Amino acid sequence: MTIDLHTHSVVSDGTDTPAELVVNAAAAGLSVVALTDHDTFDGLSEARTAGERIGIEVVPGMELSCSREHQSVHLLAYGADPENPALAEEMVFVRDGRSGRLRPVLDKLAELGVPVSEEEVLVFVGSSPSVGRPHIADALVAAGHVRDRTEAFDRFLADGGPAHVARYAIDVGRGIDLVHGAGGVAVIAHPWGRGREQLLPRPVLAELVAEHGLDGIEVDHQDHDADVRAGLRQLADRLGVLATGSSDYHGTGKVNHDLGVNTTDPETYARLRALIVQRAGAPGR
Ligand code: AMP
Ligand code: FE
Ligand code: FE
Ligand code: ZN
């Protein structure tokens, strides 16, 4: 049983349609795949239908854009009810904030001598309900200003970069509460990737578990080296939370994130499933 719990389709910033992603997951030998597009559930029904057709289990997921101390923190939600009003309302704010910063980012890029137009960006948005930095990065590539998304982030778009503009995000503790309120399971995504170790040190992760009931930590991720993985695994064990592994696949949008490159062990997945079932039956959902 091969399980990958973090992937993106064209419904956010990946390059496969949800159905293509599920077909590719099966071809890569996965038996379980979670679709976790950024701040939207829009791809789930297509993915689920494809999963039923080809006989691979699709876990309904979503990656919620959160923050701590004005810096970006991602929270994976599994099994949350897309119709939950409190969560759905916050997701609208996040998506509007992302799309709303397109203009100011484009202004900064023009000032920096690498202009792209709104139309040039919109070509890459696919069926995503909001316009994110990866789509802007794609336009920079197409215009010949940079070689790939990575260079676009490194030179211009990364947090704190010269063309970065902050946007609305949800405090991570509140994000966990919202996911739980919607009957979901909350796993913090790549917590120590890209310099976030300072932002989410051990005591902060421990506090998220103690005060908000964080359910798990994504341990095996390409943004984590071997030492980071070992440290996080030990922490997850000590805190008694799930230690997941996943690819964070984005199709051709992210290199070195192939489906199944990291996986979650079946025993951990069984615990996650049990939590989803337990929450779905809980009152207040
Ligand atoms: P946004 O939601 O518009 O702020 O963009 C967030 C997206 O950009 C997520 O998909 C991240 O995976 C991606 N991203 C953030 N920082 C970087 C980076 N330094 N290099 C490549 N992708 C990044
Ligand atoms: Fe992404
Ligand atoms: Fe992420
Ligand atoms: Zn992701």
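So, here's what we can say about the structure. These numbers come from a predicted model, not from an experiment.

### Details of the pairing of strand β6 (residues 185-188)
Taking every second residue as pointing to the same face, both faces of β6 are buried, with V185 and V187 on one and A186 and I188 on the other. Bridge count for strand β4 (residues 71-78) against β6 is four bridges, and the pairing is antiparallel. The residue of β6 that forms the bridge with Y78 is V185. Strand direction decides the pairing type here: β6 and strand β7 (residues 216-220), joined by two bridges, are parallel. Paired with I188 across the strands is I217, a residue of β7.

### Concerning the pattern of salt bridges
Counted under the stated rule, the structure contains 15 salt bridges. Of the charged contacts, one joins E57 and R273 as a salt bridge, the two residues approaching to 3.2 Å between their closest N and O atoms. Here the residue E57 occupies a position in strand β3 (residues 57-68), and R273 occupies one in helix α11 (residues 266-280), the gap between them amounting to 216 residues. Judged by its relative accessible area of 31%, E57 falls in the partly exposed class.

### Examining the site of ligand 1
The environment of ligand 1 is made up of D13, H38, R98, R101, G132, R133, P134, F153, R167, R194, H250 and K254. Separating an oxygen atom of ligand 1 from a side-chain N or O atom of H38 is a distance of 2.8 Å. Between ligand 1 and the protein, one listed contact pairs an oxygen atom with a side-chain N or O atom of K254 at 2.9 Å. Notes on ligand 1: free accessible area 500 Å², of which the protein chains cover 89%. The pocket occupied by ligand 1, as judged from atoms lying within 2 Å of grid points, is the largest pocket. Looking at the shell around ligand 1 residue by residue, the class counts come to two nonpolar, three polar and seven charged.

### A closer look at the packing of helix α1 (residues 18-27) against helix α2 (residues 44-54)
At a minimum axis separation of 8 Å, α1 and α2 run at an interaxial angle of 35°. In this structure, the crossing between α1 and α2 has a hand that is right-handed. Counted together, P18, A19, V22, V23 and A26 of α1 and E46, A47, A50, G51 and I54 of α2 form the full contact between these two elements. Taken together, the residues that form the contact of α1 with α2 break down as eight nonpolar, one polar and one charged.

### What about the packing of helix α9 (residues 202-212) against helix α10 (residues 226-239)?
Remark: α9 packs on α10, axes separated minimally by 11 Å, with the N-to-C direction vectors making an angle of 35°. Along this stretch, α9 crosses α10, giving a crossing that reads as right-handed. Side by side, α9 and α10 meet where R202, L205, A206 and V209 of the first sit next to G231, L232, L235, R238 and L239 of the second. Of the residues contributing to the contact of α9 with α10, the split by class is six nonpolar, one polar and two charged.

Each value, and the rule that gives it
Residues numbered from 1 in each chain as written. Chains lettered and ligands numbered in written order. Predicted model: local features only at pLDDT ≥ 70, side-chain atom pairs only at ≥ 80, totals over all residues. Heavy atoms only, no water. Buried < 20%, exposed > 50% of the residue type's maximum accessible area, 1.4 Å probe, protein only. Helix = DSSP H or I, 4+ residues; strand = E, 2+ residues; numbered from the N terminus. Pairing = 2+ DSSP bridges. Salt bridge = Lys/Arg side-chain N within 4 Å of Asp/Glu carboxyl O. Near = heavy atom within 4 Å. Polar contact = N/O pair within 3.5 Å; in protein donor to acceptor, adjacent residues only side chain to side chain. Areas by Shrake-Rupley, 256 points an atom, 1.4 Å probe, with all protein chains shown as cover. 1 Å grid on protein atoms, 1.4 Å probe; cavity = no way out; pocket = protein on both sides within 12 Å on 5 of 7 lines; lining within 4 Å. Sits in = over half its atoms within 2 Å of the grid points. Nonpolar A, V, L, I, M, F, W, Y, C, P; charged D, E, K, R; others polar. Axes fitted to C-alpha atoms, helices over the stretch in contact; angles between N-to-C directions. Left-handed = near helix turned anticlockwise from the far one by under 90°. Contact = heavy atoms within 4.5 Å.

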